[in-house]
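Reading the structure
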Amino acid sequence: GGSRQCIYGSKSRFREASRTQFGGGLAFQLRLGYNFFGFVAPEFSLAGHGSTDGKSGAGYVGLDVRYHFIEHFIAHQDRRWDVNAYAGLGFAMGGYSYPDPQPGDPGHTLGKGWEGFSYDVGLGFDWTVSKSVAIGLDLKLVIPRYLLWIADFGKGTHSTPIHTPSTMVFMPTVQVTFFP
């Protein structure tokens, strides 16, 4: 046997302490890929989002396959635009500051978070503005499947959840694409 200790008290305090919402307001995405045969492009992607105050955020590293399906009907040389769809898998990690007042330090916070893998899917639209540059919009949906809850980044305290928390992240980003 053993003893159980209630760490957070109320249910609402527990929900806040173990949340999966990491803030909105800022997002970025970096993609590196190569287009084979004009319509299939494997890509490495690095994406993230966070609150403007810097107290919460999440990052996603993934491998995606982007499919330029319009290429089957209209050759890219005959148009300045492109529409594509993509899907992939990756690693997800999110973190946030949680208030943890201590005697003599009422502003003390703990760094908490989640890590696991993620699925991502999306649609992209590009408009070619020159021979080497296109601008566009990328509509990315990330579906993290968190496997580890980090109760305190500083001490390395973590646990495995009984169930993976359900969450989705929508990250629309403006793209600038460079061609060789």
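Data block above holds the structure.
All residue numbers refer to positions counted from 1 along the written sequence of the respective chain. Under the rules for a predicted model, residues below a pLDDT of 70 receive no local features and side-chain atom pairs below 80 are neither given nor counted, while totals for whole chains, interfaces and linings still include all residues. Where side-chain values are given, they derive from all heavy atoms of the structure, hydrogens and water being excluded.

Examining unusual backbone geometry
In this structure, Phe-37 is a non-glycine residue whose phi angle is positive, near 60°. With respect to the element layout, Phe-37 can be found in the loop between strand S1 (26–33) and strand S2 (40–50). Three exposure classes are used, based on accessible area relative to the maximum for each residue type with a 1.4 Å probe and protein chains only: buried under 20%, partly exposed in between, and exposed over 50%. Assessed through its relative accessible area of 73%, Phe-37 is described here as exposed. By the criteria applied, helices consist of DSSP H or I runs no shorter than four residues and strands consist of E runs no shorter than two, each listed in order from the N terminus.

Brief notes about a nonpolar patch on the surface
A cluster of nonpolar side chains, contributed by Leu-123, Phe-125, Trp-127, Val-129, Ile-135, Leu-137, Leu-139, Phe-170, Val-174, Val-176 and Phe-178, occupies part of the molecular surface with about 1100 Å² of accessible area. Here the nonpolar patch takes four residues from strand S8 (residues 169–178), the largest share from any one element. On the secondary structure map, Leu-137 appears in strand S6 (residues 133–152). Leu-137 sits in the partly exposed class, given a relative accessible area of 40%. A patch is a set of surface residues, each over 30% in relative accessible area and not in a salt bridge, joined within 9 Å for like charges and within 5 Å for the nonpolar side chains Val, Leu, Ile, Met, Phe, Trp and Tyr. Throughout, the Shrake-Rupley method with a 1.4 Å probe supplies accessible areas, and for residues the shown protein chains are the sole cover considered. The rule for a salt bridge is simple: a side-chain nitrogen of Lys or Arg has to be within 4 Å of a carboxyl oxygen of Asp or Glu.

Structural notes on the pattern of salt bridges
As enumerated under the stated definition, the model contains six salt bridges in all. Of the charged contacts, one joins Glu-43 and Arg-66 as a salt bridge, the two residues approaching to 2.9 Å between their closest N and O atoms. One end of the pair, Glu-43, is in strand S2; the other, Arg-66, is in strand S3 (residues 56–67), with 23 residues separating them in the sequence. By the burial criterion, Glu-43 is buried, and Arg-66 matches it. Between Asp-82 and Arg-79 there is a salt bridge whose closest N-O contact spans 3.3 Å.

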